[in-house]
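Residue-level structural notes
Now for the letters of each chain:
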Amino acid sequence: MRTTVGIIGGGPAGLLLARLLHRAGIDCVVLESRTREYVERRQRAGMLEQGTVDALREAGAAERLTAEGMIHQGIELRFDRERHHIDFPGLTGGRTVTIYAQTEIVKDLVALQLADGPPLLFEAEALAVEKPESATPVVRFLHEGREQTLTCAWVAGCDGFHGISRDAFPAEVSRSYGHEYPYSWLGVLAEVPPSCDELIYARGEGGFALHSMRSATVSRLYLQVPDRTDPDDWPDDRIWDELAARFAIDADWTLNRGPITAKSVTTMRGYVHEPMRHGRLLLAGDAAHIVPPTGAKGLNLAVSDVRVLARGLVELHRTGDTQLLDRYSELCLQRVWQATRFSDDMTRMLHTQPNEDAFDARMQLARLRRITASRHAAAELAANYSGLPLPL
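For the structure given in this document, a descriptive report is provided here. (Residues numbered from 1 in each chain as written. Predicted model: local features only at pLDDT ≥ 70, side-chain atom pairs only at ≥ 80, totals over all residues. Heavy atoms only, no water.)

1. A closer look at the side chain of Arg166
- Structurally, Arg166 can be placed in the loop between β12 (154–157) and β13 (175–190).
- We note that Arg166 is buried and unpaired, the nearest opposite charge coming from Asp167 at a distance of 5.7 Å.
- Polar side-chain contacts of Arg166 include one of 2.9 Å to the backbone oxygen of Phe161.
- One polar contact links Arg166 to Tyr271, side chain to side chain, over a distance of 3.3 Å.
- The residues touching Arg166, leaving out its near neighbours within four places in the chain, are Gly160, Phe161, Tyr271, His273, Leu283, Asp286 and Ala287. (Helix = DSSP H or I, 4+ residues; strand = E, 2+ residues; numbered from the N terminus. Buried < 20%, exposed > 50% of the residue type's maximum accessible area, 1.4 Å probe, protein only. Lys, Arg positive; Asp, Glu negative; His and termini not counted. Salt bridge = Lys/Arg side-chain N within 4 Å of Asp/Glu carboxyl O. Polar contact = N/O pair within 3.5 Å; in protein donor to acceptor, adjacent residues only side chain to side chain. Contact = heavy atoms within 4.5 Å.)

Next comes the structure, spelled out in structure tokens:
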């Protein structure tokens, strides 16, 4: 099998790249190791920067997003039993964010791909990327019980943190930077209308809590918990009681409670691999970087990588110019490191630390009060949260 661009991974990064390339007349093949059912049910992020919304519109994949996405004008910070609204449009010159679940983005892109797009092979497990330094790299993969090869001009590794694409980078050119945070998130989906109009980021005495939503009838909530927490140790009543305590304010506000339909624990880590290109192999999304979810940057970073990569491949296709592809790693890493810094700042500011002393707690509150008291500090948070511009 031959194609111009071999895409490893059928998550939002790989599917969006395939869609953008297809609309530009560039042939590609997407290899996804999981089943369609698994991919379309995988729960992930739901906060979209304006640039991510723009990219989905550019790909012709925003019909349901436009109809069902919930536009948010900001976020709410809660601490010391107070609430503070961060007004994104007023602080950024009009920018907003949109709530639309990653599962829905994947469903939209899969449907478009299967209807009129290039090949999308489910249960096609990529085994290795060979000869990435050559003009014709090869992806070996297992599909329908037999090993096959996909010969490409370019390979896009969109296969996530545990994928095989990064393994094709020689050790002598690879550099990685990582940090493990000493706590996790217990995330729940609940069949209950959200208790807020915008996301709530709370620093309570028991730790961090986040109130988000998936729709007008489904809430998504998170609690900071110790590492290696077993979700079964948290019955529904305990979760709701702890959420209510961490969101508590000295005002008339009540947390809506309802049936919890899913529970999961997410470890908190930061990771960046440099470079993001080796020969004809280019990494995008979680294959190259992981950020703690506090800043809501994971999906948005993946989309920004794909936008740069697609533009580079389209420029090569139309003009023969490789300048943008040659700068792919440099350009993406500028934004990756800024998003990593922002996510780390938000995480350290809002989470209680193991063995935290009174000084640490007061410093966290001082950082929060600076944001709520200083327009300059609030504007910096709003600019980063709503999305920095592409470095092009």
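2. Comments concerning the sheet that holds strand β8 (residues 120–121)
- Spatial strand order, β8-β2-β1-β12-β19-β18: six strands in an open sheet with mixed pairing. One side of each edge strand has no neighbouring strand; the edge strands of this open sheet are β8 and β18 (277–278).
- Here β18 runs beside strand β19 (residues 281–283); their pairing, made up of two bridges, is antiparallel. For His278, the partnering residue across the bridge sits in β19 and is Leu281.
- Lying over the sheet, helix α1 (residues 12–23) contacts β1 (5–8), β2 (28–31), β8 and β12, oriented at roughly 160 degrees with respect to β1. (Pairing = 2+ DSSP bridges. Axes fitted to C-alpha atoms, helices over the stretch in contact; angles between N-to-C directions.)

3. Quick word on the packing of helix α3 (residues 50–58) against helix α8 (residues 298–319)
- In contact at an axis separation of 9 Å, α3 and α8 are set at 50 degrees when each is read in the N-to-C sense. As judged from the angle between their axes, α3 and α8 are oblique. In this structure, α3 meets α8 at a crossing whose hand is left-handed. Residue-level inspection shows Gly51, Thr52, Asp54 and Ala55 of α3 in contact with α8, the latter providing Asn300, Val303 and Arg307. (Parallel < 35°, antiparallel > 145°, perpendicular 65-115°, else oblique. Left-handed = near helix turned anticlockwise from the far one by under 90°.)

4. Things to note about helix α7 (residues 236–247)
- Helix length check: α7, at twelve residues, gives a terminal C-alpha distance of 17 Å against a target of 16 Å (1.5 Å per residue), a fit within 8%.
- Of all the positions in α7, only Ile239, Trp240, Leu243, Arg246 and Phe247 are classed as buried. Looking straight down α7, one finds its buried side chains confined to an arc of 135 degrees; they lie on one side.
- On the buried face of α7, the contacting elements are β5 (74–79), β13, β14 (200–204), β15 (207–213), β16 (219–225) and β17 (260–274). (Expected span 1.5 Å × (residues − 1). Arc of directions from axis to C-beta.)

5. Notes on the packing of aromatic side chains
- Taken as a whole and assessed by the stated rule, the structure comprises ten aromatic pairs.
- Pairing Phe247 with Trp253 gives two aromatic rings, centres 6.1 Å apart and planes at 70 degrees, and the pair type is edge-to-face.
- For Phe247, a relative accessible area of 0% translates into the label buried.
- When its relative accessible area of 19% is taken as the criterion, Trp253 is described as buried.
- Here Phe342 and Tyr385 contribute two aromatic rings whose centre-to-centre distance is 6.5 Å and whose plane-to-plane angle is 80 degrees, an arrangement assigned as edge-to-face. With Phe342 in helix α10 (residues 328–350) and Tyr385 in helix α12 (residues 375–386), the pair connects residues that are 43 residues apart, well separated along the chain.
- Judged by relative accessible area, Phe342 falls into the buried class, the value being 5%.
- Aromatic rings pair up to connect Phe88, Trp185, Tyr201, Phe208, Tyr222, Phe342 and Tyr385 into one cluster.
- Directly above the ring of Trp234 sits Arg238, whose terminal nitrogen or CZ lies 3.6 Å from the centroid. (Phe/Tyr/Trp six-rings, centres within 6.5 Å; stacked < 30°, edge-to-face > 60°. Lys NZ or Arg CZ within 6 Å of the ring centre and 35° of its normal.)

6. Details of the pattern of salt bridges
- Counting across every chain of the model gives 26 salt bridges.
- As a salt-bridge pair, Arg64 and Asp108 come within 2.9 Å of each other at their nearest N and O atoms. Pair noted here: Arg64 is in helix α4 (residues 63–68) and Asp108 is in helix α6 (residues 102–116), with a separation of 44 residues, a long-range link.
- Take Arg64: its relative accessible area is 27%, and that puts it in the partly exposed class.
- Between Arg83 and Glu76 there is a salt bridge, with its nearest N and O atoms 3.4 Å apart.
- Residue classification places Arg83 among the partly exposed positions, given a relative accessible area of 39%.

7. Concerning the pairing of β2
- Residues of β2 alternate between two faces, with Cys28 and Val30 on one and Val29 and Leu31 on the opposite face, all of them buried.
- Read from β1 through α1 to β2, the crossover connection turns out right-handed.
- Direction of pairing for β2 relative to β8: parallel, over a ladder of two bridges. The residue of β8 that forms the bridge with Val30 is Leu120. (Right-handed = clockwise from strand over helix to strand, strands pointing away.)

8. Observations regarding the state of the cysteines
- The full count for this structure, using the stated rule, is zero disulfides.
- Its sulfur unpaired, Cys158 is 10 Å from the next cysteine sulfur, which belongs to Cys28.
- The thiol of Cys332 is not disulfide-bonded; the next cysteine sulfur, from Cys158, is found 11 Å away. (Disulfide = S-S within 2.5 Å.)

Everything listed is a geometric property; what it means functionally is a separate question.
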